Amino acid sequence: QVRLVESGGGLVQPGGSLRLSCATSRSIFSIAAMGWYRQAPGKQRELVATITSSGSTNYADSVKGRLTISRDNAENTVYLQMNSLKPEDTAVYYCVAGWGSAWNWGQGTQVTVSS
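Owing to the predicted nature of the structure, the values given are computational and were not obtained by experimental measurement.

1. As for the nonpolar core
If you look at the biggest cluster of nonpolar residues, it comprises 28 residues, and the most contacted ones within it are L20, M34, W36, V78, L80, M82 and Y93. Elements represented by at least two residues in this core include exactly strand 3 (18-24), strand 4 (33-39), strand 5 (46-52), strand 7 (67-72), strand 8 (77-82), strand 9 (91-99) and strand 11 (109-113). Once residues lying within four places of it in the same chain are set aside, the contact partners of L20 are S7, G8, G9, W36, V78, Y79, L80, M82, Y93, T109 and V111.

The structure is reproduced here in structure tokens:
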């Protein structure tokens with residue numbers, strides 16, 4: 001397994017920015033893909049963004065142009081830069097890593113967008 005530790009969540013006003021971090025216990029090069037899910041009350045779990053070991057990215061339509069996934073290979077860390085945040089972005093955000101036969105999950109970090 002790979003261990004994932006998220007950080008950077010918190011309270012932010014609409015239109016504000018936040019940067020989430022996901023520290024991994026293994027080299028990102030050894031992980032086929034990583035991503036961010038979010039879960040909000042009353043909503044389906046949503047895959048927000050993914051990034052492969054080669055650097056290819058993909059995003060949910062709802063966050064394109066506002067959220068950006070990136071990585072720091074030297075630090076074995078994946079980031080989610082969140083800009084122009086909306087109240088509907090409020091959720092617990094989970095870092096995930098493709099390892100072994102399934103996704104490995106972090107414990108999540110709360111993001112609240114409210115005035």
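Don't stop here, the text continues.
2. Quick word on the pairing of strand 4
Counted residue by residue, strand 4 has six buried out of seven residues, so it is predominantly covered. With six bridges connecting them, strand 4 and strand 5 associate as antiparallel partners. Bridge pairing in strand 5 links W36 to A49. Where strand 4 folds back on strand 5, the antiparallel hairpin that results is connected by six residues, among which G42 adopts a positive phi of roughly 80°. The sheet contact formed by strand 4 and strand 9 spans six bridges and is antiparallel. Bridging across to strand 9, Y37 finds its partner in Y94.

3. Some thoughts on the state of the cysteines
In a disulfide, the sulfur atoms of two cysteines are covalently bonded to one another. Evaluated as defined, the whole model comprises one disulfide. One disulfide bridge connects C22 with C95, the sulfur atoms lying 2.0 Å from each other. Its S-S torsion of about -80° marks the bond between C22 and C95 as left-handed, since a negative value means left-handed. Note that C22 is positioned in strand 3 and C95 in strand 9, a separation of 73 residues in sequence. Here C22 matches C95 in class, with each residue buried.

Basis of the calculations
- Residues numbered from 1 in each chain as written.
- Predicted model: local features only at pLDDT ≥ 70, side-chain atom pairs only at ≥ 80, totals over all residues.
- Heavy atoms only, no water.
- Core = buried A, V, L, I, M, F, W, Y, C linked by side-chain atoms within 4.5 Å.
- Buried < 20%, exposed > 50% of the residue type's maximum accessible area, 1.4 Å probe, protein only.
- Helix = DSSP H or I, 4+ residues; strand = E, 2+ residues; numbered from the N terminus.
- Contact = heavy atoms within 4.5 Å.
- Pairing = 2+ DSSP bridges.
- Disulfide = S-S within 2.5 Å.

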